[in-house]
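Coordinates in review
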Amino acid sequence: MDFLKTLNEPQKQAVTTTRGRILVLAGAGSGKTRVITYRVAYLIATGVPPESILCLTFTNKAAKEMRDRVKTLIGSDQGSKVTLSTFHSFCLHLLRKEAEKLGFTKDFSLYDERDIERLIQQIVRDMLGHVGELPSLGPIRAALTQASCHGSWDDKALPKDLFSKELFHRLQATLRAYNAVSFDTLISLALRLFNEHPDVVSKYQHQFQYVMIDEYQDTNHSQYQLVERLVASHNQLCVVGDDDQSIYGWRGAKVRHIVEFQADCVIKLEQNYRSTSVILDAANALIGHNTSRVGKKLWSKKRSEKGIEVFTAPTDIDEAQGIITRLLAKKEALGLAWKDIAILYRSNALSRNLELALMQAPWKSDKGWIRGIPYEIFGGLEFSERSEIKDLFAYLRVIANPLDQEALLRIANVPRRGVSDLLLDKVTQENRLEKRPLWDLFLEIASGKKTYPEHTKGMSGIRQLVELIETATRRFAVGSLADSLHWLVETIHYKKAIEEEVKSEAMRAYKWENIQECITALRRFEEAEGARLQQFVTEVALATQTHLPSDKKGQTDAVQLMTLHSAKGLEFPLVFIAALEDHLLPHEKSVVETGVEEERRLFYVGLTRAEKEVVLSMARSRMRMGKIEPSSPSRFLFEIPKALLEVTPWR
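All values reported here derive from a predicted model rather than from experimental measurement.

Cut-offs used in this document
- Residues numbered from 1 in each chain as written.
- Predicted model: local features only at pLDDT ≥ 70, side-chain atom pairs only at ≥ 80, totals over all residues.
- Heavy atoms only, no water.
- Helix = DSSP H or I, 4+ residues; strand = E, 2+ residues; numbered from the N terminus.
- Buried < 20%, exposed > 50% of the residue type's maximum accessible area, 1.4 Å probe, protein only.
- Areas by Shrake-Rupley, 256 points an atom, 1.4 Å probe, with all protein chains shown as cover.
- Pairing = 2+ DSSP bridges.
- Axes fitted to C-alpha atoms, helices over the stretch in contact; angles between N-to-C directions.
- Contact = heavy atoms within 4.5 Å.
- Core = buried A, V, L, I, M, F, W, Y, C linked by side-chain atoms within 4.5 Å.
- Expected span 1.5 Å × (residues − 1).
- Polar contact = N/O pair within 3.5 Å; in protein donor to acceptor, adjacent residues only side chain to side chain.
- Arc of directions from axis to C-beta.
- 1 Å grid on protein atoms, 1.4 Å probe; cavity = no way out; pocket = protein on both sides within 12 Å on 5 of 7 lines; lining within 4 Å.
- Points joined across faces, edges and corners; volume = space filled by probe spheres on them.
- Nonpolar A, V, L, I, M, F, W, Y, C, P; charged D, E, K, R; others polar.
- Phe/Tyr/Trp six-rings, centres within 6.5 Å; stacked < 30°, edge-to-face > 60°.
- Lys NZ or Arg CZ within 6 Å of the ring centre and 35° of its normal.
- Disulfide = S-S within 2.5 Å.
- Parallel < 35°, antiparallel > 145°, perpendicular 65-115°, else oblique.
- Left-handed = near helix turned anticlockwise from the far one by under 90°.
- Lys, Arg positive; Asp, Glu negative; His and termini not counted.
- Salt bridge = Lys/Arg side-chain N within 4 Å of Asp/Glu carboxyl O.

Right, let's get into the overall build of the chain. Scanning the chain from N- to C-terminus turns up 27 helices and 18 strands. For the chain, with 651 residues in total, the buried portion stands at 53%. Carbon and sulfur atoms provide 51% of the accessible area of the chain, an area that totals close to 29500 Å².

On the basis of which strands lie adjacent, the open sheet formed by six strands has the order 3-2-6-7-1-8 and parallel pairing. Because the sheet does not close on itself, it has two edges, and the strands there are strand 3 (83-86) and strand 8 (265-269). Strand-to-strand twist across the sheet, computed as the mean angle between neighbouring axes with direction ignored, equals 15°. Here three bridges tie strand 6 (residues 210-213) to strand 7 (residues 237-241), and the two strands are oriented parallel to one another. Within strand 7, the position partnered with Met-212 by the bridge is Cys-238. Across the sheet, helix 1 (residues 9-16) touches strand 1 (21-26) and strand 8, and the angle it forms with strand 8 is around 140°. Across the sheet, helix 11 (residues 221-231) touches strand 1, strand 2 (53-57), strand 6 and strand 7, and the angle it forms with strand 7 is around 150°.

Below, the discussion takes up the nonpolar core. Membership of the largest hydrophobic core comes to 49 residues, with the highest contact counts inside it found for Phe-442 and Leu-485. Formed by 39 residues, the second largest nonpolar core is a distinct cluster that contains Val-310, Met-562, Ile-640 and Leu-644.

The end-to-end C-alpha distance of helix 27 (residues 596-607), which contains twelve residues, comes to 17 Å, matching closely the 16 Å that a straight helix rising 1.5 Å per residue would cover. Where burial is concerned, most of helix 27 is hidden: eleven out of the twelve residues are buried. Among the residues making up helix 27, those that are buried are Glu-597, Glu-598, Glu-599, Arg-600, Arg-601, Leu-602, Phe-603, Tyr-604, Val-605, Gly-606 and Leu-607. Residues of helix 27 that are buried sit in contact with helix 13 (277-287), strand 10 (341-345), helix 25 (564-567), strand 15 (572-577), helix 26 (588-594) and strand 16 (610-624).

For Gln-271, the location among the structural elements is in the loop between strand 8 and helix 13. The class of Gln-271 is buried, set by a relative accessible area of 13%. Side chain to side chain, Gln-271 and Tyr-273 meet in a polar contact 3.4 Å long. Excluding residues that lie within four positions of it along the chain, Gln-271 makes contacts with Asn-8, Gly-29, Ser-30, Trp-299 and Lys-301.

All of the buried residues in helix 10 (residues 198-207) are Val-200, Val-201, Tyr-204 and Gln-205. Buried residues along helix 10 cover an arc of 135° about the axis, so they all sit on one side. Looking at helix 10, the residues exposed on the side facing more than 90 degrees away from the buried face are Pro-198, Asp-199 and His-206. Contact partners of the buried residues in helix 10: helix 5 (87-98), helix 9 (186-196) and helix 11.

Attention shifts here to unusual backbone geometry. As a rule of thumb, non-glycine residues mostly have phi less than zero, and peptide bonds are mostly trans rather than cis. With an omega of -10°, the peptide bond running from Val-414 to Pro-415 counts as cis. Mapped onto the elements of the fold, Pro-415 is located in the loop between helix 17 (405-411) and helix 18 (421-434). In this structure, Pro-586 follows Leu-585 across a cis peptide bond, with omega equal to 5°. By the element assignment, Pro-586 lies in the loop between strand 15 and helix 26.

Tracing the sequence through the fold places Asn-272 in the loop between strand 8 and helix 13. Residues Asn-272 and Ala-26, 246 residues apart in the sequence, show an inter-C-alpha distance of 9.5 Å. In this view, Asn-272 contacts Ala-28, Gly-29, Leu-280, Leu-298, Trp-299 and Ser-300; residues no more than four positions away in its chain are not counted. Side-chain polar atoms of Asn-272 contact the backbone nitrogen of Ser-275, separated by 2.7 Å.

We now examine the layout of surface pockets. What the second largest pocket holds in volume is close to 560 Å³. Lining the second largest pocket are 22 residues, and of these Val-414, Pro-415, Arg-416, Ile-492 and Ala-497 sit closest to its centre. Going through the elements one at a time, helix 16 (387-400), helix 20 (456-478) and helix 22 (494-501) are the ones with two or more residues in the lining of the second largest pocket. In terms of residues, the lining of the second largest pocket owes the most to one element, helix 22, which gives six residues. Taken together, the residues of the lining of the second largest pocket break down into eight nonpolar, five polar and nine charged.

On to the environment of Ile-370, then. When you line up the elements, Ile-370 lands in strand 12 (residues 368-371). Remark: the alpha-carbon pair of Ile-370 and Gln-360, spanning ten residues in sequence, is separated by 9.6 Å.

What follows is about the packing of aromatic side chains. Enumeration according to the criterion identifies seven aromatic pairs in this entry. Across the ring face of Phe-311, the terminal group of Arg-326 is positioned such that the distance to the ring centre comes to 3.9 Å.

So, about the state of the cysteines. Enumeration according to the criterion identifies zero disulfides in this entry. Its sulfur unpaired, Cys-238 is 8.7 Å from the next cysteine sulfur, which belongs to Cys-55. No disulfide involves Cys-265; its sulfur sits 9.2 Å from that of Cys-238, the nearest cysteine.

The next point concerns the packing of helix 5 against helix 11. For the pair helix 5 and helix 11, the least separation of the axes is 12 Å and the interaxial angle reads 60°. Relative to helix 11, the element helix 5 lies oblique. For the pair helix 5 and helix 11, the sense of crossing is left-handed. Between helix 5 and helix 11, the residues in contact are Phe-87, Phe-90 and Cys-91 and Gln-223, Leu-226, Val-227 and Leu-230, respectively.

With that out of the way, let us pick up the environment of Thr-315. By the secondary structure assignment, Thr-315 is in strand 9 (residues 308-315). Accessibility expressed as a relative area gives 25% for Thr-315, which makes it partly exposed. Sequence spacing of Thr-315 and Met-618 is 303 residues, and the spatial spacing of their C-alpha atoms is 8.5 Å.

The subject of this paragraph is the side chain of Arg-609. Tracing the chain through its elements places Arg-609 in the loop between helix 27 and strand 16. The buried charged residue Arg-609 lacks any salt bridge partner; its closest oppositely charged side chain belongs to Glu-571, at an N-O distance of 6.5 Å. Within the local environment of Arg-609, its side chain forms a polar contact with the backbone oxygen of Val-605, the two atoms lying 2.7 Å apart. Ignoring any residue separated from it by four or fewer positions in sequence, one finds Arg-609 in contact with Ala-28, Gln-245, Arg-274, Leu-344, Ala-567, Lys-568, Gly-569, Leu-570, Glu-571, Phe-572 and Val-575.

If you want it as structure tokens, here you go:
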């Protein structure tokens, strides 16, 4: 077992302690994955059959990484016999074998969130006798998901109101009728199978004599119960996790599962191999203010004399500029690639100013000066890819160039003006057959030269659009670009269109803020460049080309933008954490829903992503819901010792 020589003492203890209930508290960057995979290898090397080992984690990526490492350690033949998968994958395979006991056949379909959404709408329409559009079902959907994750379907676990309760029962009956299982209920169905069929649970208890759970702090109630049922006959259970990184309370995770775990042995992995001692000292001081934790103190051999940089900018726009200035300087000083840099924030809505600053920032490459720093949004859409921004840019593209057919087709009925898909299909067929510009055909329809008697409403809509574009072209040619865009948004009643299309008040406000930010971006560009519309459209298009499609994300050299939640499990040499203000981090709504301690853990996760340097920033005022409002520094900043911080001017 030469591989044991590469472990530190606590890691070795975690690997070689194999009897009873074991809690491995694995701090950030402490080699958690190595411990889990080495423990599997050690068990097999000491005579444990690989078929009797079960290791469960939460993501396909983590499961694949562990499988690959195990096979490297002990060979593919032995490694492939270990059951190492996600909770959902394990339960899916289990249900495939035992489906008949729950009223399904083995070839049941697996419904994803969209499938369930459509099914719920269909059932609600039947229940209400309603054929038109439905109000937002978000709260009901959340209640159903919560019930599904609870682990039992008795009255205590179900929604309290009679409508939601009836909907839940009808949904389950419909799924059985369709021979379908929803992703949300895979675990609770497996647990129900165990509870109702003792012979089944006994079979799996006998098969899996050694059970390991990764990221145990993220388990919800049904996952916790599932694990306890699996080990009830032998109690050979090793759970690995970090109570200080429990950040998913909003989706049912219970930090108490790890804090209150009944362990025969507790092993703490406190040596961090990722971050400098300064970063860890700050993280330790911060998380020490939490009371719901077992307690540990991370340390590192990586020394640094440099403190954590902090700056406060006058506005959120200035903050973004301050981040870009430092990003460019530190990239050069540390010899980093773009992909070595991450900008983290509490919610996706905070990315707008950062994206615009990145898109407009000039930087010097080997080939000369370039405008636009390449970036990727991790787990969200780039600003320019959001539907409302694509709508506005399509208008600007047509105003700048009426022959831009893709843009013209996008705005033909946005907002709705009666131009049907059938009419557009006929016009585009002529456009292709006659090889004439679509805009020319639109002009002929507007002048009455070309008619479609069965589409009078659509013809009127095209006439309105042509008149709008011609008027807009004149305004953009002589007036302020930003003022002209503001006029355009008001003229097409885009705010009303958002209100009609979007049910959620929060999403309406979010989309409208994006529109306002687009106008502001055009004003800033105009002031800086003295440019006309065509140049703005071209510059944005060029900047957008640096961002690859979502299926290629992570394969390009680009700055990574993501929420603090998305950053968990990742690491970067240089990390910026933006918008450290008290209503944003801690988030005012989340403090009420999941408590201030989970928000503190979220900040802790952000700090411990950094390998070399971390920069913290905030603004004294920030645009919120269309108004500039004053901001206060996050209370969490005052929990980091001043000696560890270096306050710098924002410029």
